[in-house]
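What follows is the residue order along each chain.
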Amino acid sequence: MAGGGGPAKSEEPTPHPPKDQLPNVSYCITSPPPWPEAVLLGFQHYLVMLGTTVLIPTALVPQMGGGNAEKADVIQTLLFVAGLNTLLQTTFGTRLPAVMGGSFTFVAPTISIIWAGRHTNAPDPITQFKRTMRGIQGALIVASVLQIVLGFSGLWRNVVRFLSPLSAVPLVSLVGFGLYALGFPGVAKCIEIGLPQLIVLVLIAQYLPHVLRFGKNIFERFSVIFSVAIIWLYAYLLTVGGAYNNAAPKIQATCRTDRSGLIEAAPWISVPYPFQWGPPTFDAGEAFAMMFASFVALVESTGAFIAVSRSASATPLPPSVLSRGVGWQGIGILLSGLFGTSAGTSVSVENAGLLTLTRVGSRRVVQISAIFMLFFSVLGKFGAIFASIPPPIVAALYCLFFAYVGSVGISFLQFCNLNSFRTKFILGFSIFLGLSIPQYFNEYTAINGYGPVHTSLRWFNDMINVPFSSPAFVAAILAYFFDNTLHRGDSSVRKDRGKHWWDKFRSFGGDSRSEEFYSLPFKLNKYFPSV
């Protein structure tokens, strides 16, 4: 003891302070990496978004009557429109580094259109395919109006202003965690390829940077390229070595590297254009069903936009900017309908997870990835090479990326009072039912071939079954309702729900950083002000 004093008092542990911007990000929205690195990172985003781009047409086109040639054409079209929408969203929408791609949310109403009697009585499969695609186009064109009106009118801005960190947690978390069915179940379809991909990805991204004394940033930022190249080569060696020669057709289609049929069917050069399948046809019931799917995708994309803003180390999205992004997403769905992509547009959740993995949230990187999308959609043969990556490799990537997005949602708890019983109820109840209700709907559909709501009107069934099959949608609606109605008169509730942390971001001018991250280019804010 110095100077005869008492024993030194031990330091009391203190919690980590909340941060309205994610720290330790290498490059944020407005700070692009050097050009060579930016190009490689952009190519990596392109590789990641290919999974959904290939999976949706692969599932839908055969049911529509199309073969490998039609599947390749639809994949090219979906890729081309995704590139356009990504450029539009990053330039005029939220301006976040968000990749805009095809959405699984639109698959259920699309299948209902496929099985509509007016399409199944075609004289030949190709005619059936074109008729069905034109029906899907018409439904998407009508459904796009919902998001365009809600976004550009500012109505969605008024809804989002009541969102707090507490109600954002279930929404953003289940945008990621709610996609668990696309993760390990896909890996297990070819475990000898999927599991090594998952292990190698984690080793390169999480362990190698800390084991080796050189190239830390290289392994963290390019772990997807490294791991996919290694396992794709391994899968190719298994294929040419005859490992699957006597396997069942289903296993061959999943494990082999030469069974996608895309490389042979894809044209060398092809430029997608509007109405390439013919003029769209319209049906009121199908349009209403697609509109409900569009609203579900709107809620899911709201959570994904919030996740992207956090991962890119931007400040929380002002409601006006988010509403502007929703309007441009509606334009994206309109383009999907005009070109005929077989699915609507939403924020790519897997690419949002990639932002967190690489710690690079640069807008320029994502815009470069959009250029790759446009380039490879026109040069079909080259694009088909990358699109033929075995599905278990893609599913292994999903395991990490969806987990990252879910963890971003959990991170908003730093703004909330976790010792509040009100907080515990809203969190626990909304997340539990957000998982449990869709599980019931999806399980019922898997067993019976149709959803719990089953009438002679397919479009009406989809209007009910699709929203309740989305974990993020169910959790978001419950959390939003309870957070804005439960004990509102209590003076401590506002602080418990973390609303005071987001007060200065309620309007565009409330924080000076909003101008840096979200202002429109070419001085367009003067003509289209955000409020």
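Residues numbered from 1 in each chain as written. Predicted model: local features only at pLDDT ≥ 70, side-chain atom pairs only at ≥ 80, totals over all residues. Heavy atoms only, no water.

Engineer: Explain the packing of aromatic side chains to me, please; I cannot follow it from the model alone.
Structural biologist: Each pair of aromatic rings is reported with the distance of its centres and the angle of its planes. Here the structure, examined in full by the defined rule, presents 32 aromatic pairs. Centre to centre, the rings of Phe-425 and Phe-429 are 5.3 Å apart; their planes meet at 15°, and the pair counts as stacked. Pair noted here: Phe-425 and Phe-429 are both in helix H20 (residues 421–448), with a separation of 4 residues, about one helical turn. Residue Phe-425 is classed as partly exposed on the basis of its relative accessible area, which comes to 35%. Connected via pairs of aromatic rings, a cluster forms that spans Phe-43, Tyr-46, Trp-232, Phe-372, Phe-375, Phe-376 and Phe-386. (Phe/Tyr/Trp six-rings, centres within 6.5 Å; stacked < 30°, edge-to-face > 60°. Helix = DSSP H or I, 4+ residues; strand = E, 2+ residues; numbered from the N terminus. Buried < 20%, exposed > 50% of the residue type's maximum accessible area, 1.4 Å probe, protein only.)

Engineer: Would you take a moment to explain the packing of helix H1 (residues 35–64) against helix H2 (residues 68–92) for this structure?
Structural biologist: Packed helices, taken two at a time, are described by their axes: the angle between them and the distance between them. For the pair H1 and H2, the least separation of the axes is 9 Å and the interaxial angle reads 140°. Our classification of the angle between H1 and H2 gives oblique. In the crossing of H1 with H2, the sense of the turn from one axis to the other is right-handed. Contacts from Tyr-46, Met-49, Leu-50, Thr-53, Val-54, Pro-57, Thr-58 and Val-61 in H1 reach Glu-70, Lys-71, Val-74, Ile-75, Leu-78, Leu-79 and Ala-82 in H2. Residues belonging to the contact of H1 with H2 are distributed by class as follows: 11 nonpolar, 2 polar and 2 charged. (Axes fitted to C-alpha atoms, helices over the stretch in contact; angles between N-to-C directions. Parallel < 35°, antiparallel > 145°, perpendicular 65-115°, else oblique. Left-handed = near helix turned anticlockwise from the far one by under 90°. Contact = heavy atoms within 4.5 Å. Nonpolar A, V, L, I, M, F, W, Y, C, P; charged D, E, K, R; others polar.)

Engineer: What is the right way to read unusual backbone geometry from this model?
Structural biologist: Most peptide bonds take the trans form, and the phi angle of most residues other than glycine is negative. Despite not being glycine, Phe-522 shows a phi value in the positive range, around 55°. By the element assignment, Phe-522 lies in the segment after helix H25 (513–518). With a phi angle near 60°, Lys-523 is a residue other than glycine that sits in the positive phi range. Examined against the element boundaries, Lys-523 turns out to sit in the segment after H25. Overall, Lys-523 belongs to the exposed group, its relative accessible area being 72%.

Engineer: Got a minute to help me understand helix H14 (residues 284–311) in this structure?
Structural biologist: In an α-helix there are 3.6 residues to a turn, and that puts residues three or four apart on one side. Its 28 residues give H14 an end-to-end C-alpha distance of 40 Å, which sits within 8% of 40 Å, the value for a rise of 1.5 Å per residue. Extensive coverage of H14 is indicated by the burial of 23 of its 28 residues. A distance of 3.1 Å separates the backbone nitrogen of Gly-285 from a side-chain oxygen at the start of H14, and that oxygen is part of Asp-283. In the stretch just after H14, Ser-313 is the one whose phi turns positive, near 60°. (Expected span 1.5 Å × (residues − 1). Polar contact = N/O pair within 3.5 Å; in protein donor to acceptor, adjacent residues only side chain to side chain.)

Engineer: I would appreciate a short explanation of the side chain of Ser-377 in the present structure.
Structural biologist: Among the structural elements, Ser-377 can be located in helix H17 (residues 363–378). Since its relative accessible area comes to 0%, Ser-377 is described here as buried.

Engineer: It is not clear to me how the side chain of Gln-147 should be interpreted in this structure. Could you clarify?
Structural biologist: For Gln-147, the position within the fold is in helix H5 (residues 125–152). In contact with Gln-147, other than residues within four places in its own chain, are Phe-152, Ser-294, Ala-297, Leu-298, Val-326, Gly-327, Gln-329, Gly-330 and Ile-333.

Engineer: Can you walk me through the environment of Arg-131 in this structure?
Structural biologist: Here Arg-131 is to be found in helix H5. Judged by its relative accessible area of 31%, Arg-131 falls in the partly exposed class. C-alpha of Arg-131 to C-alpha of Trp-277: the two residues are 146 residues apart in sequence and 8.2 Å apart in space. Residues within four places of Arg-131 in sequence aside, it is in contact with Arg-118, His-119, Asn-121, Ala-122 and Pro-123.

Engineer: What am I meant to see in the environment of Trp-277 here?
Structural biologist: Mapped onto the fold, Trp-277 is located in the loop between helix H13 (262–265) and H14. Placed 61 residues apart in sequence, Trp-277 and Leu-338 show a C-alpha to C-alpha distance of 9.7 Å. Excluding residues that lie within four positions of it along the chain, Trp-277 makes contacts with Asp-73, Val-74, Thr-77, Phe-129, Lys-130, Met-133, Arg-134, Gln-137, Phe-339 and Gly-340. At 3.4 Å, the side chain of Trp-277 forms a polar contact with the backbone oxygen of Phe-339. Of the polar contacts made by the side chain of Trp-277, one reaches the backbone oxygen of Gly-340; its length is 3.2 Å.

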